[in-house]
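# Structural description and commentary
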Amino acid sequence: MNTASDNTANLIRITLGCFISYAIVAGMLSQIGTLSSAMADFFERPVTETGARFSWLSIGITTGSVLSLFVYEFVSLKRTLLLCYRALIAALFSIYLIDSWSWLPGGLMLAGTTASLGLNTAAVTLAVCYEARQRAAVLLCTDICFASAGIIASPGAVALLAAGHGWSSSYIAIALAAGILLVMVLLSRYPPTAREARTIRNERWPTALVFCCGGLAIYLFGQISMLLWLPNYIETILGAERAVGATAISRYWTGMALGQIALVLALLKFDAPRLLALVCVASALASSLLWMLNIPAQLLNAALLLGLCNAGILKLTMAYAASLVKHPQRVITTLLFCASLGQVASPQASSTLVAVTSMKSALVLVTVSY
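Reading the values: rules and limits
Residues numbered from 1 in each chain as written. Predicted model: local features only at pLDDT ≥ 70, side-chain atom pairs only at ≥ 80, totals over all residues. Heavy atoms only, no water. Salt bridge = Lys/Arg side-chain N within 4 Å of Asp/Glu carboxyl O. Helix = DSSP H or I, 4+ residues; strand = E, 2+ residues; numbered from the N terminus. Buried < 20%, exposed > 50% of the residue type's maximum accessible area, 1.4 Å probe, protein only. Phe/Tyr/Trp six-rings, centres within 6.5 Å; stacked < 30°, edge-to-face > 60°. Lys NZ or Arg CZ within 6 Å of the ring centre and 35° of its normal. Axes fitted to C-alpha atoms, helices over the stretch in contact; angles between N-to-C directions. Parallel < 35°, antiparallel > 145°, perpendicular 65-115°, else oblique. Left-handed = near helix turned anticlockwise from the far one by under 90°. Nonpolar A, V, L, I, M, F, W, Y, C, P; charged D, E, K, R; others polar.

Attention shifts here to the pattern of salt bridges. Tallied over the full model, the rule gives 4 salt bridges. Of the charged contacts, one joins E49 and R45 as a salt bridge, the two residues approaching to 2.9 Å between their closest N and O atoms. A cluster of three or more residues bridged by salt bridges with shared partners is formed by D41, E235 and R242.

Written out as structure tokens, the structure reads:
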């Protein structure tokens, strides 16, 4: 029989494991601007071509979100996580060891699929384990972990590149994090899925969920465009060093982390929809600085401000939407699927836009998305 202390320890272990799931995806996404430039040098191809290559990572992320729509009808949360992170470790090592332009689509897609499905499973797990404002606060904490990983990952990748390591060497650190997570999953007990809990399948979803789904797709489209093109804009158009572009992304995630901490405290007094409206308006205004300013030092501060303003858009939307139904599993997976649609469209669409216009157009696209 499980004691109260055992249940508490299990919940803490599950929660920390879910946080690592978010950090893994952040570590992969926050590097794409830095790695696309390094890939261009290594493979001797234009940066628009290497940037578009990361569409396969986004395709994988979308594939993982599609799988999450139905996989829990057949597989438990724990088994899903075990399968995901074993495959992710294999994918990341294959990218590093094979180091082939022709293999990249397959490796990136597999990595994106497994990391995405793992993240979605983590989101479902937290939504089921926690209720009401606890759920909103915990989901925001996952964003703090996401942002913290983003702060570290891009500068870390630059440091490895400066030390003479291969362009994909930073992926080994992500594989190590996945290995730690695997151990935590093995030691934990996970809550039941909607099928295992035998909840009502035909629950009517309110119209508000449609707006939540569409909003997240557009938001993620803009965020990926910024992560991909802001470092390249600073390096290529403004003539700054590569490390400055990586610092801008690190500043963005720093702002996200600080904003999310503030939002966790704000949830003690204000409800999620009101906070969500506030951060959306502030983000639209802050993002315009990315294409209005042309001094690298100023753009670093603009990236910090944008991160601070848009902190919590994803998780506040998810927390609000989850409160509209009885069992949040299917709502959470649908929201993340819609968000991934924005992610998968962004690299190719923004690369095409840049190819026919300019890099500044991709930054204007960020404001349009907000």
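Moving on: unusual backbone geometry. In most cases, non-glycine residues show a negative phi, while peptide bonds are predominantly trans. The phi torsion at E44 lies on the positive side, around 55°, for a residue other than glycine. Note on placement: E44 falls in the loop between α2 (32–43) and α3 (47–53). Among the residues examined, E44 registers a relative accessible area of 72% and is labelled exposed. Here the phi dihedral of D99 falls at roughly 50°; this positive angle occurs in a residue that is not glycine. Mapping D99 onto the fold places it in the loop between α5 (77–98) and α6 (104–129).

With that settled, consider the packing of aromatic side chains. In this structure the tally under the stated criterion is 7 aromatic pairs. Between the aromatic rings of W167 and Y171, the centroid separation amounts to 6.3 Å while the plane-to-plane angle is 75°, which identifies the pairing as edge-to-face. This pair shows no difference in class: W167 is buried, exactly as Y171 is. Taking the centre distance of 5.1 Å and the plane angle of 70° together, the rings of Y252 and W253 count as edge-to-face. For Y252, a relative accessible area of 0% gives the class buried. By way of ring pairs, the aromatic residues F42, F43, W101, W167 and Y171 are connected into one cluster. Between R53 and the ring centre of W101, over which it is positioned, the NZ or CZ distance is 4.1 Å.

Our focus in this paragraph is the packing of α5 against α6. Where α5 meets α6, the axes come as close as 8 Å, and the angle between the chain directions of the two elements is 155°. With respect to α6, the element α5 is oriented roughly antiparallel. The interaxial crossing formed by α5 with α6 has left-handed handedness. Along the lines of polarity and charge, the residues of the contact of α5 with α6 split into 17 nonpolar, 6 polar and no charged.

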